[in-house]
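Analysis of the macromolecular model
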Amino acid sequence: MSFVDDLRNLDRNNVGGWPRSIKLFFMIGLFALIVLGGWYFKVSNQQDELANAVRQEATLKREFADKQAKAVNLHALQEQLADMKDMLRQLLRQLPSKTEMPQLLVDISQTALAAGIDTELFQPEPENPKEFYAEQPIKLKMIGTYHQFGTFISDVASLPRVVILTMHDVSLTPLEKTPEGARPSANQLLVLQGTVKTYRYLDGDTGKDADANKSGKGGK
């Protein structure tokens, strides 16, 4: 009798009476099923975990290499940072101090006057202290020509103290409307209007300025 005939004639109620070849076939099949099930539910998950661990290992190695490179250069970077801080302090010290600020504002106003500019408004606003410096906003309205404004800017840059002027919401418009199609002349009067900011160095009075600023805000 062949193997196929044995399979067809199996008695499910008498497993013990099955032919040896049939029993061996089912045992091998059951073993294979157990192995496949174990691989699917256990080994495949472990393979995924292994793959994740390999990727994480590569990432950690890169991070370690980066940190090691930084650690090797740490001393040089610290020295470079200290040099940059010293340079910043030296640059800030070139700005006007608190006691020099009132005279500086007068010098800027006088410089505009000397350049032939008509100053209709030159109004310093309250200071705004920062970490290392203080902002001094100035509302202004000036009337002059291109040449006069150029002279004014050049003369401000030549003042004994370093003067930084930044413009905020500043407009430059003709005092009188230019006829359509006509080119503006070099002597045409212009109106410079808006807010500029100049800056001073906080040297020893940082805390006082900050406290005064806070108390002023709190009292409002």
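The preceding data block contains the structure.
Residues numbered from 1 in each chain as written. Predicted model: local features only at pLDDT ≥ 70, side-chain atom pairs only at ≥ 80, totals over all residues. Heavy atoms only, no water.

Section: the overall build of the protein
For the record, the criterion: Under the DSSP-based scheme used, a helix requires at least four consecutive residues in state H or I and a strand at least two consecutive residues in state E, with every element numbered from the N terminus. Think of it in three bands: with a 1.4 Å probe and only protein chains considered, a residue is buried below 20% of the maximum accessible area for its type, exposed above 50%, and partly exposed in between. When checking whether two residues touch, look at their non-hydrogen atoms; a contact exists if any pair is within 4.5 Å. Here the accessible surface of atoms and residues is derived via Shrake-Rupley with a 1.4 Å probe, and residues count as covered only by protein chains that are part of the display.
Along the protein, the regular secondary structure elements total six helices and five strands. Ordered by position from N to C terminus, the α and β elements of the protein give α-α-α-α-β-β-β-α-β-β-α. For the protein, buried positions account for 21% of its 220 residues. Once local pairs closer than 6 in sequence are excluded, the contacts in the protein between residues at least 24 apart make up 63%. Accessible surface, the protein as shown: approximately 16300 Å² in total, 58% of it carbon and sulfur.

Looking at the pattern of salt bridges
Definition in use: Within this document, salt bridges are pairs made up of a side-chain nitrogen of Lys or Arg and a carboxyl oxygen of Asp or Glu, the two lying within 4 Å of each other.
Following the criterion strictly, the structure yields four salt bridges and no others. Of the charged contacts in the structure, one is a salt bridge between Lys61 and Glu57, with a shortest N-O distance of 3.5 Å. Taken together, the positions of Lys61 and Glu57, both in helix 2 (residues 20-72) and four residues apart, correspond to about one turn of that helix. Of the residues examined, Lys61 reaches a relative accessible area of 52% and is grouped as exposed. Glu127 is the salt-bridge partner of Arg200, the closest N and O atoms lying 2.7 Å from each other. With Arg200 in strand 5 (residues 190-201) and Glu127 in the loop between strand 1 (118-124) and strand 2 (128-129), the pair connects residues that are 73 residues apart, well separated along the chain. Among the residues examined, Glu127 registers a relative accessible area of 27% and is labelled partly exposed.

Some words on the layout of surface pockets
Empty space among the atoms becomes visible once a probe the size of a water molecule is rolled across them. Test applied: Points on a 1 Å grid over protein atoms alone make up a cavity when a 1.4 Å probe fits among them but cannot get out, and a pocket when they form an open set with protein on both sides within 12 Å along at least five of seven lines; lining residues each have an atom within 4 Å of a point. Grid points are joined across faces, edges and corners, and a volume is the space filled by probe spheres set on the points. Classes in brief: Ala, Val, Leu, Ile, Met, Phe, Trp, Tyr, Cys and Pro nonpolar; Asp, Glu, Lys and Arg charged; the others, Gly included, polar.
As a volume, the largest pocket reaches approximately 290 Å³. Lining the largest pocket are 15 residues, with Phe149, Phe152, Ile153, Met167 and Leu192 sitting closest to its centre. Among the elements of the structure, strand 3 (133-144), helix 5 (146-157), strand 4 (166-174) and strand 5 are those that each provide at least two residues to the lining of the largest pocket. Counting residues per element, the lining of the largest pocket draws most heavily on helix 5, which supplies six residues. Looking at the lining of the largest pocket residue by residue, the classes come out as 14 nonpolar, one polar and no charged.

Examining the packing of aromatic side chains
Where we set the bar: Only Phe, Tyr and Trp rings take part, Trp by its six-membered ring, and two of them pair if their centres are within 6.5 Å. Stacked means planes under 30 degrees apart, edge-to-face means over 60, and tilted covers everything else.
Tallied over the entire structure, the rule returns one aromatic pair. Ring geometry for Tyr133 versus Tyr199: centroids 5.8 Å apart, planes at 70 degrees, classification edge-to-face. In this pair, Tyr133 sits in strand 3 while Tyr199 sits in strand 5, placing the two residues 66 residues apart along the sequence. Relative accessible area serves as the criterion here: at 28%, Tyr133 is assigned to the partly exposed category.

Digging into the pairing of strand 5
Side chains on a regular strand alternate between the two faces of the sheet. Which entries qualify depends on this criterion: By the convention used here, strands pair only if DSSP detects at least 2 bridges between them.
Extensive coverage of strand 5 is indicated by the burial of 10 of its 12 residues. Bridge analysis of strand 3 against strand 5 gives 12 bridges, and the strand direction is antiparallel. Pairing of Pro137 across the sheet is with Lys197, part of strand 5. Looking at chain direction, strand 4 and strand 5 are connected through seven bridges and run antiparallel. Pairing of Thr166 across the sheet is with Lys197, part of strand 5.

A look at unusual backbone geometry
The phi angle at Asp169 is positive, at roughly 55 degrees, despite the residue not being glycine. Taking the relative accessible area as the measure of exposure, Asp169 reaches 76% and is therefore exposed.

Concerning the packing of helix 4 (residues 101-114) against helix 5
The condition that has to hold: Here an axis means a line fitted to C-alpha atoms, over the contact stretch when the element is a helix, while the angle between two N-to-C directions is reported on a 0 to 180 degree scale. In this scheme the handedness of a crossing depends on how the near helix is turned from the far one: anticlockwise by less than a right angle means left-handed, clockwise means right-handed.
The contact between helix 4 and helix 5 brings their axes to 9 Å, and the two run at 145 degrees. In terms of crossing hand, the pair formed by helix 4 and helix 5 is right-handed. Counted together, Ile108, Thr111 and Ala112 of helix 4 and Phe152, Asp155 and Val156 of helix 5 form the full contact between these two elements. Grouping the amino acids of the contact of helix 4 with helix 5 by side-chain chemistry returns four nonpolar, one polar and one charged.

Side note on a nonpolar patch on the surface
Stated precisely, the cut-off is as follows: Like-charged residues are merged into a patch within 9 Å and nonpolar side chains (Val, Leu, Ile, Met, Phe, Trp, Tyr) within 5 Å, provided each residue has over 30% relative accessible area and no salt bridge.
Together, Leu30, Leu33 and Ile34 line one region of the surface with nonpolar side chains, adding up to about 330 Å² of accessible area. By the element assignment, Leu33 lies in helix 2. Classification of Leu33 as exposed rests on a relative accessible area of 58%.

Limitation: the analysis is restricted to geometry and does not speak to function.
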